Amino acid sequence: MVFTRKDVLGLEDLTAEEISLILDTAESMKEVLKREIKKVPTLRGRSVVTLFYEPSTRTRTSFELAAKYLGADTTSIAVATSSVQKGESLRDTARTIEAMAADVIIIRHSAAGAPHQLARWVSSRVINAGDGAHEHPTQALLDLYTIREKKGCFRGLKVAILGDIAHSRVARSNIWGLTKLGAEVRVVGPATLMPPDIHNLGVKVYYNWEEGLKDVDVINVLRIQLERQKKGLFPSIREYTRLYGLDEEKLQVASPDVLVLHPGPVNRGVEISAEVQDGHHAAINEQVTNGVAVRMALLYLLMAGGEKDEISA
């Protein structure tokens, strides 16, 4: 299968076959990461620009390393010290980057839909690195890769997404991907942190953690953004942790070999206990490694189209 898309803007638009192709390609890329010298010339001469309007450590660094490991040239634009601070619009910033012959623009933006608009303005390929509370496709892809690596397949799996569903772009992308690949998806959290349209996304909704986590194979714990507390969406951090923080007690109702994921950064002791985070069920650090492999796969597929270019040199 040849990957024919110009951009990767969300998992809502990708087919199950396209998602599987990305995950299959990531397996080859992970082999590169195991080498002593982690570099291949596959994308030599290509240019990748990261344009982040929001803070990021994992996603931004992961993309930059992925591009460098494939031999591409990378440029990172710090919005805080760019012409954006002088009033330059996203459209003008994008066209300036394109005029410098960028092959790929990777964008994170606080406004939902900003990457989609950018993709219409430029001929450069665009990858969504997170837009508002809408989607975070590459985080979901690395979560899917980790699940497949640990569990083998998706059909028949029970996956619980636990926490702030309403404001999570990670949750939405995971829901699209998991349902397309045949998993049963549950969302677990307080009613105040559930989006009003959640029942339309093909998931099972639980407000009681014991019911929601019962016999699940995977628990994907979402980060609680402490700034949400100002909106009074739950009584207190302590109360949230008591009711929905994943600890050893709550883990007992899940499958004995349950896999625990977290997109990071982790509020240790808030949405997940230190014992669970550091325990044998968690694959949080492995997710970070898999994120580099998945982003290498995306860059390769977008710029090489999935053709049999040399990636083993």
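Residues numbered from 1 in each chain as written. Predicted model: local features only at pLDDT ≥ 70, side-chain atom pairs only at ≥ 80, totals over all residues. Heavy atoms only, no water.

(A) Focus on the overall build of the chain. Within the chain, the secondary structure is distributed over 11 helices and 9 strands. For the chain, the C-alpha radius of gyration of 19 Å lies close to 20 Å, the compact-globule estimate for 313 residues. Each principal axis of the C-alpha atoms in the chain carries an extent, and together these give about 55 × 45 × 35 Å. The buried share of the chain, taken over its 313 residues, is 57%. Counting 39 positive and 40 negative side-chain charges, the chain places the centres of these two groups 3 Å from one another. (Helix = DSSP H or I, 4+ residues; strand = E, 2+ residues; numbered from the N terminus. Rg over C-alpha atoms; globule rule 2.2 N^0.38 Å. Buried < 20%, exposed > 50% of the residue type's maximum accessible area, 1.4 Å probe, protein only. Lys, Arg positive; Asp, Glu negative; His and termini not counted. Charge placed at Lys NZ, Arg CZ, Asp CG, Glu CD.)

(B) View of the pairing of strand E8 (residues 218-221). Where burial is concerned, the two faces of E8 agree: the one with Val 218 and Asn 220 and the one with Ile 219 and Val 221 are both buried. Two strands pair when backbone bridges link them, and strand E5 (residues 158-162) and E8 are joined in this way by 4 bridges, in the parallel orientation. Directly across from Ile 161, in E8, lies its bridge partner Asn 220. Here E8 runs beside strand E9 (residues 259-261); their pairing, made up of 3 bridges, is parallel. (Pairing = 2+ DSSP bridges.)

(C) Expanded view of the environment of Ser 82. Summarising the element assignment, Ser 82 is placed in the loop between strand E2 (73-78) and helix H3 (90-99). With a relative accessible area of 18%, Ser 82 lands in the buried category. Distance from Ser 82 to Thr 93, taken between C-alpha atoms, is 9.3 Å for residues 11 residues apart in sequence.

(D) The sheet that holds E9, seen in detail. Taken in spatial order, the 5 strands line up as E7-E6-E5-E8-E9 in an open sheet, and their pairing is parallel. The open sheet has two edge strands, strand E7 (204-206) and E9, and neither has a second partner. Direction aside, the axes of adjacent strands within the sheet are offset by 20 degrees on average. One ladder, built from 3 bridges, connects strand E6 (residues 184-188) with E7; its direction is parallel. Bridge assignment links Arg 186 to a residue of E7, and that residue is Lys 204. (Axes fitted to C-alpha atoms, helices over the stretch in contact; angles between N-to-C directions.)

(E) Structural context of the nonpolar core. If you look at the biggest cluster of nonpolar residues, it comprises 67 residues, and the most contacted ones within it are Ile 106, Leu 144, Val 187, Met 296 and Leu 299. There are two domains that each give this core at least three residues, and those are domain 1 (7-136 + 291-310) and domain 2 (137-287). Setting aside residues up to four positions removed in sequence, Ile 106 forms contacts with Val 48, Val 49, Thr 50, Leu 51, Phe 52, Phe 63, Ile 127, Ala 129 and Leu 299. By size, the runner-up hydrophobic cluster in this structure holds 25 residues, among which are Leu 162, Val 216, Val 221 and Ile 224. (Core = buried A, V, L, I, M, F, W, Y, C linked by side-chain atoms within 4.5 Å. Domains from an automatic or database assignment. Contact = heavy atoms within 4.5 Å.)

(F) Layout of unusual backbone geometry. Each neighbour pair has its own omega, and for Gly 264 with Pro 265 the value is -5 degrees, a cis peptide bond. Positive phi, close to 70 degrees, is recorded for Ala 101, a residue that is not glycine. Take Ala 101: it is sitting in the loop between H3 and strand E3 (104-109). A residue is classified by how much of its surface remains accessible, and Ala 101, at 52% relative accessible area, is exposed. With phi around 65 degrees, Asp 215 is a residue other than glycine that occupies positive phi space. The residue Asp 215 is located in the loop between helix H7 (209-213) and E8 in this model. Among the residues examined, Asp 215 registers a relative accessible area of 42% and is labelled partly exposed.

(G) Just helix H1 (residues 16-33), in detail. In a regular helix each residue adds 1.5 Å, so 18 residues correspond to 26 Å; H1 covers 26 Å between its end C-alpha atoms and thus fits that length. Those residues of H1 lying buried are Glu 18, Ile 19, Leu 21, Ile 22, Leu 23, Thr 25, Ala 26, Met 29, Lys 30, Val 32 and Leu 33. Turning to H1, the residues buried within the fold contact helix H2 (58-69), helix H5 (137-151), helix H6 (169-180) and helix H11 (284-304). (Expected span 1.5 Å × (residues − 1).)

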